[in-house]
Amino acid sequence: MAEITAALVMELRAKSGVGMMDCKKALQETDGDINAAIDWLRAKGLSKAAKKADRVAAEGLVAVASKEIGAGEVAAAIEFNAETDFVARNDLFQNAAKKFAQLGLDHATVEGLHGAELEAGKTVQDEVTSMIATIGENMQLRRAARLSVDEGVVATYVHNAVSPGVGRIGVLVALHGAGDKAKLRELGRKIAMHVAATSPLSLNTDDLDPAAIEKERAVLTEKAKEEGRPENMIAKIVEGQINKFQKDVVLTKQPFVMNPDLTIEQLVAEEGKALGNPGLHIGGFVRLALGEGVEKVEGPDFADEVASMMKG
């Protein structure tokens with residue numbers, strides 16, 4: 001039997017538009033023959049899914065899941081996209097998003113999640129392809145993230161939830177440290193709600209992307225020049241504004257939305273003392289917002305196409 005290399009799988013994927021797992025299976029069934037593999041995919045009805053692959057999928061759902069592991073916890077968030085909000089309201093789509101989030105508890109990357117088994121012989125990628133063929137819209141399991149702690153909680157929060165655990169924004173917050181889990185989870189949920197509202201760029205100042213700082217510095221410098229600020233004062237003015245920018249976008253430095261007199265850092269310190277654990281700290285956070293970074297194309301959507309077909 002011919003060796004099924006990654007390059008061969010990628011070539012078939014480029015030609016067919018079908019998912020990686022299906023391409024690999026097609027090549028295995030046809031002894032590595034690209035043309036025969038394309039015919040195999042067509043015979044299996046997967047070409048229908050391939051025809052949808054160039055459509056923009058910016059709607060859908062974000063789903064979260066979590067579970068306790070001894071003194072610690074693990075939580076996952078996934079983004080599952082479709083072309084229309086109509087499909088996202090479908091029970092089939094919502095249940096699939098929830099299942100994918102549950103599988104995300106054991107798979108740290110979206111690539112690993114694509115190959116995860118839902119049932120014997122059927123992967124997540126198989127399920128997505130099948131749903132595309134059934135529903136008739138392009139769909140994509142676009143992003144996946146996972147956080148875990150050995151001791152403490154990973155709190156979850158869904159904003160604009162359409163059913164338990166699924167909505168348009170999903171947040172995970174990892175709190176490291178001992179303490180009453182119910183109280184830790186309550187604190188973590190409040191911080192997660194804060195993250196949903198403020199969309200911080202990093203946990204700590206040192207974690208902030210240098211490119212983001214330089215971009216902001218360039219904008220502020222140009223603005224200062226446009227305002228006619230003295231040339232010898234611009235650098236000092238901009239530096240002060242950069243410090244303010246960092247406080248605005250760094251989670252631990254942000255004023256807590258429910259009590260602006262406290263920063264998030266101070267909030268955690270106070271709650272840690274109250275729980276008898278001054279070492280309590282945030283280990284990380286994840287914020288997935290539906291359609292974030294997807295370039296939407298203006299034009300007829302799926303509903304328009306259906307209406308056109310009905311008229312025809």
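Look above for the structure.
Presented here is an overview of the structure given in this document. (Residues numbered from 1 in each chain as written. Predicted model: local features only at pLDDT ≥ 70, side-chain atom pairs only at ≥ 80, totals over all residues. Heavy atoms only, no water.)

What to know about the overall build of the protein
Tallying secondary structure elements over the protein gives 13 helices and 11 strands in all. By the burial criterion, 44% of the 312 residues in the protein qualify as buried. Of the contacts formed within the protein by residues at least 6 apart in sequence, a portion of 67% connects residues at least 24 apart. Total accessible area on the protein stands at roughly 16,400 Å², and carbon and sulfur atoms take up 50% of it. (Helix = DSSP H or I, 4+ residues; strand = E, 2+ residues; numbered from the N terminus. Buried < 20%, exposed > 50% of the residue type's maximum accessible area, 1.4 Å probe, protein only. Contact = heavy atoms within 4.5 Å. Areas by Shrake-Rupley, 256 points an atom, 1.4 Å probe, with all protein chains shown as cover.)

Here's the deal with the packing of aromatic side chains
Under the criterion given, the structure shown has two aromatic pairs. With a centroid separation of 4.3 Å and an interplanar angle of 5°, the aromatic rings of Phe80 and Phe93 are classed as stacked. With Phe80 in strand E2 (residues 72–82) and Phe93 in helix H6 (residues 91–104), the pair connects residues that are 13 residues apart, well separated along the chain. In this structure, Phe80 and Phe93 share a single accessibility class: buried. Where Phe80 meets Phe100, the ring centres are 5.1 Å apart and the plane angle is 75°; that geometry is what we call edge-to-face. With a gap of 20 residues between them, Phe80 in strand E2 and Phe100 in helix H6 connect regions that are remote in the sequence. Linked through ring pairs, Phe80, Phe93 and Phe100 together constitute an aromatic cluster. (Phe/Tyr/Trp six-rings, centres within 6.5 Å; stacked < 30°, edge-to-face > 60°.)

Quick notes on empty space enclosed by the protein
Within the structure shown, the criterion is met by one cavity of 30 Å³ or more. If you add up the space inside the largest cavity, you get close to 50 Å³. Lining the largest cavity are Leu220, Lys223, Ala224, Glu227, Arg229, Ile237 and Gln241. Of all elements in the fold, only helix H10 (210–226) and helix H11 (231–249) reach the threshold of two or more residues within the lining of the largest cavity. Ranked by residues supplied to the lining of the largest cavity, first place goes to H10 with three residues. Residues belonging to the lining of the largest cavity are distributed by class as follows: three nonpolar, one polar and three charged. (1 Å grid on protein atoms, 1.4 Å probe; cavity = no way out; pocket = protein on both sides within 12 Å on 5 of 7 lines; lining within 4 Å. Points joined across faces, edges and corners; volume = space filled by probe spheres on them. Nonpolar A, V, L, I, M, F, W, Y, C, P; charged D, E, K, R; others polar.)

Describing the nonpolar core
Nonpolar side chains in soluble globular proteins tend to end up buried together. Among the nonpolar cores identified, the biggest contains 27 residues, and Ile78, Phe80, Phe93, Phe100, Met139 and Leu141 are the most heavily contacted of them. Secondary-structure elements contributing two or more residues to this core are strand E1 (59–69), E2, helix H5 (85–88), H6, helix H7 (110–114) and helix H8 (124–135). The element contributing the most residues to this core is H6, with six residues. Among the nonpolar cores identified, the runner-up in size contains 23 residues, and Ile191, Ala192, Leu267 and Val268 belong to it. (Core = buried A, V, L, I, M, F, W, Y, C linked by side-chain atoms within 4.5 Å.)

Here's the deal with H6
At 3.6 residues per turn, the α-helix brings residues three or four places apart onto the same side. Compared with the 20 Å implied by 1.5 Å per residue over 14 residues, the 20 Å span of H6 between its first and last C-alpha is a close match. Here H6 starts with a cap whose side-chain oxygen sits 2.6 Å from the backbone nitrogen of Leu92, and that cap is Asn90. (Expected span 1.5 Å × (residues − 1). Polar contact = N/O pair within 3.5 Å; in protein donor to acceptor, adjacent residues only side chain to side chain.)

Focus on the environment of Met193
Tracing the sequence through the fold places Met193 in helix H9 (residues 181–198). Excluding residues within four positions of it along the chain, Met193 makes contact with Tyr157 and Met258.

Quick notes on the packing of H10 against H11
Running from N to C, H10 and H11 cross one another at 135°; their axes reach a closest spacing of 9 Å. Considering the angle they form, H10 stands oblique to H11. In this structure, H10 meets H11 at a crossing whose hand is right-handed. Touching Ala212, Ile213, Glu216, Arg217, Leu220, Thr221, Ala224 and Lys225 of H10 are Glu231, Ile234, Val238, Glu239, Gln241, Ile242, Phe245 and Gln246, all from H11. Taken together, the residues of the contact of H10 with H11 break down into eight nonpolar, three polar and five charged. (Axes fitted to C-alpha atoms, helices over the stretch in contact; angles between N-to-C directions. Parallel < 35°, antiparallel > 145°, perpendicular 65-115°, else oblique. Left-handed = near helix turned anticlockwise from the far one by under 90°.)

Things to note about the sheet that holds strand E8 (residues 169–176)
Across the sheet, three strands lie side by side as E6-E8-E11; this open sheet has antiparallel pairing. Pairing within the sheet leaves two strands with one partner each, and these edge strands are strand E6 (152–159) and strand E11 (281–289). Here the average twist between neighbouring strands, direction ignored, is 10°. Taken together, the eight bridges between E6 and E8 define a ladder with antiparallel strand orientation. Paired with Val154 across the strands is Ala174, a residue of E8. Strands E6, E8 and E11 of the sheet are contacted by H9, whose axis makes an angle of about 40° with E6. (Pairing = 2+ DSSP bridges.)

Points about H8
With 12 residues, H8 extends 16 Å between its outermost C-alpha atoms, agreeing within 8% with the 16 Å of an ideal straight helix rising 1.5 Å per residue. Buried within H8 we find Val124, Gln125, Asp126, Glu127, Val128, Thr129, Met131 and Ile132. Positive backbone phi, approximately 90°, marks Gly136, located one or two places after H8.

Considerations on the pattern of salt bridges
Following the criterion strictly, the structure yields 17 salt bridges and no others. Note that Glu73 and Arg185 form a salt bridge whose closest N and O atoms lie 2.0 Å from each other. Of this pair, Glu73 sits in strand E2 while Arg185 sits in helix H9, and the two are 112 residues apart along the sequence. For Glu73, a relative accessible area of 3% gives the class buried. Close ionic contact of Glu214 with Arg217 constitutes a salt bridge, the shortest N to O distance being 2.6 Å. You can see Glu214 and its partner Arg217 sitting in helix H10, three residues apart, about one turn around the helix. By relative accessible area, Arg217 is classed as partly exposed at 21%. A single salt-bridge network, built from bridges that share partners, covers Glu79, Arg142, Arg143, Arg287 and Glu292. (Salt bridge = Lys/Arg side-chain N within 4 Å of Asp/Glu carboxyl O.)

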